[in-house]
Amino acid sequence: MHTLSPSTTQLPQVAHPRNPGMPLDLDWVAAVQANTSAIERRAATLGGRRSVKKEFQAAWLLKAISLIDLTTLSGDDTAGRVQRLCAKARQPVSPWMLEKLGMEGLTVGAVCVYHDMVETAVRALEGSGIPVAAVSTGFPAGLSPYHLRIAEIGESVKAGAQEIDIVISRRHVLTGNWQALYDEMCEMRAACGAAHVKAILATGELATLRNVARASLVCMMAGADFIKTSTGKEAVNATLPVSLTMIRAIRDYQDRTGVKVGYKPAGGIAKAKDALLYLALMKDELGHAWLQPDLFRFGASSLLGDIERQLEHYLTGHYSAANRHAMG
Ligand SMILES: O=C[C@H](O)COP(=O)(O)O
């Protein structure tokens, strides 16, 4: 009997309102601190927590699937690969498994691609309700001419992207030019129109956790709907200390403004057990509201394959080869 907890598996019901942003508050930004050693200590305790087992683990893994931005961001992406990925997004786990688990109709949160692949993905996902997210603004470095970065957002929205993952200018953070970061983020958000905007901080390039906390805050003040750790292309991508820092910035922003901003760890999250850790962290630090696709996503290209393997093991007692769960 594979009874799953409905509170952890139910699909999203109500989308919460967007972050309207607020004027840049430089005093607040200056006051932001990040106690690196305390954050690292707390992050280190998370890995050792007792993991959930059996049907509870299966339920959490199904929840994780609904929160994945299923991603392909490779120079050799083709229409065929994106179409296969979209088929996987619609049917993330073998039908027999979903049937056995009583989770028919489960899909991932979104499909995330480069601009060139947006139209292909939109066509492949027609009728599924799964949004397409486009990485934009000269991803991953964000160093193409500014007007082209802004124009790229408009092009992706025109092509049908409902979510835009922008990259911030890291130099604005490294030089403490918060006004420039705020202005850039405001303009990028405006260019998105009705599409939701995720601000990629590229935390592996921001030098300190205090910079991560301040950049998170400034992007939220400028109206980011989500803050996202990484492009997946930095030398260091999503980590638990960075996640704690960003999640606490989200909590502070909510305490001060009443507005909920989403969180997207991305890059290097490839194992089901890592996904469980992140979900536990979100629940502990921010509560159940952040376990829905409108407030939490995993940016991941290969996580789904490992989750599918673990679910198969739960149902059959056996592991199959990883290559049986290819993504694209
Ligand atoms: O935003 C998503 C990341 O690029 C995916 O990174 P990954 O390939 O390490 O899972």
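Criteria and thresholds
Residues numbered from 1 in each chain as written. Predicted model: local features only at pLDDT ≥ 70, side-chain atom pairs only at ≥ 80, totals over all residues. Heavy atoms only, no water. Buried < 20%, exposed > 50% of the residue type's maximum accessible area, 1.4 Å probe, protein only. Helix = DSSP H or I, 4+ residues; strand = E, 2+ residues; numbered from the N terminus. Pairing = 2+ DSSP bridges. Right-handed = clockwise from strand over helix to strand, strands pointing away. Axes fitted to C-alpha atoms, helices over the stretch in contact; angles between N-to-C directions. Parallel < 35°, antiparallel > 145°, perpendicular 65-115°, else oblique. Left-handed = near helix turned anticlockwise from the far one by under 90°. Contact = heavy atoms within 4.5 Å. pLDDT = per-residue confidence, 0-100. Near = heavy atom within 4 Å. Polar contact = N/O pair within 3.5 Å; in protein donor to acceptor, adjacent residues only side chain to side chain. Areas by Shrake-Rupley, 256 points an atom, 1.4 Å probe, with all protein chains shown as cover. Nonpolar A, V, L, I, M, F, W, Y, C, P; charged D, E, K, R; others polar. Expected span 1.5 Å × (residues − 1).

K.L.:
Provide a residue-level description of the pairing of strand β5 (residues 196–200), including the pertinent values.
P.N.:
Burial within β5 is extensive, with 4 of its 5 residues counted as buried. Looking at chain direction, strand β4 (residues 163–167) and β5 are connected through 5 bridges and run parallel. Pairing of Ile-166 across the sheet is with Ala-199, part of β5. Each parallel crossover has a hand, and for β5 linked through helix α11 (residues 209–221) to strand β6 (residues 226–228) it is right-handed.

K.L.:
Could you give me a rundown of the packing of helix α3 (residues 36–47) against helix α12 (residues 240–257), with the residues and numbers involved?
P.N.:
Running from amino to carboxyl end, α3 crosses α12 at an angle of 115°, the nearest separation of the two axes being 8 Å. Between α3 and α12, the angle falls in the class roughly perpendicular. Classified by chirality, the crossing of α12 by α3 is right-handed. On the side of α3, the interface is formed by Ile-39, Glu-40, Arg-42, Ala-43 and Leu-46, while α12 contributes Leu-240, Pro-241, Leu-244, Thr-245 and Arg-248.

K.L.:
Would you mind going over the side chain of Gln-310 in detail, with residue names and values included?
P.N.:
Checked against the element boundaries, Gln-310 lands in helix α14 (residues 303–316). Not counting the four nearest positions on each side in its chain, Gln-310 is found in contact with Leu-61, Ala-272 and Tyr-319.

K.L.:
Break down the confidence of the model for the protein for me, citing the residues and quoting the values.
P.N.:
Averaged over the protein, the pLDDT score is 93; the fraction of residues at 70 or greater is 92%. In the predicted structure, residues 1–13 sits below a pLDDT of 50 and forms 29 contacts with residues beyond four places in sequence or in another chain. Complex prediction metrics read pTM 0.94 and ipTM 0.96.

K.L.:
Go over the environment of Ala-238, please, and point to the residues and values.
P.N.:
Tracing the sequence through the fold places Ala-238 in the loop between β6 and α12. Between the C-alpha atoms of Ala-238 and Lys-264, which are 26 residues apart in sequence, the distance is 9.1 Å. Setting aside residues up to four positions removed in sequence, Ala-238 forms contacts with Thr-229, Ser-230, Pro-265, Ala-266, Gly-267, Ile-269 and Tyr-278.

K.L.:
Talk me through the site of the ligand; I want residue IDs and the actual numbers.
P.N.:
Residues in close proximity to the ligand include Thr-71, Leu-73, Lys-228, Thr-231, Gly-232, Ala-266, Gly-267, Gly-268, Gly-299, Ala-300 and Ser-301, which together make up its full environment. Here an oxygen atom of the ligand sits 3.1 Å away from a polar atom, N or O, in the side chain of Lys-228. Within the side chain of Ser-301, an N or O atom sits 2.5 Å from an oxygen atom of the ligand. Starting from 310 Å² of accessible surface for the ligand in isolation, the protein chains cover 83%. Residues belonging to the shell around the ligand are distributed by class as follows: 3 nonpolar, 7 polar and 1 charged.

K.L.:
Can you tell me about α14, naming the residues and giving the values?
P.N.:
Between its terminal C-alpha atoms α14 stretches 20 Å, which fits the 20 Å expected from 14 residues at 1.5 Å a residue. Of all 14 residues in α14, 10 are buried, a share of seventy percent or more. Among the residues of α14, Leu-303, Leu-304, Gly-305, Asp-306, Ile-307, Glu-308, Gln-310, Leu-311, Glu-312 and Leu-315 are the ones counted as buried. Close packing links the buried residues of α14 with α4 (54–66), β1 (68–71), α5 (79–90), α6 (95–101), α13 (272–285) and β8 (298–300).

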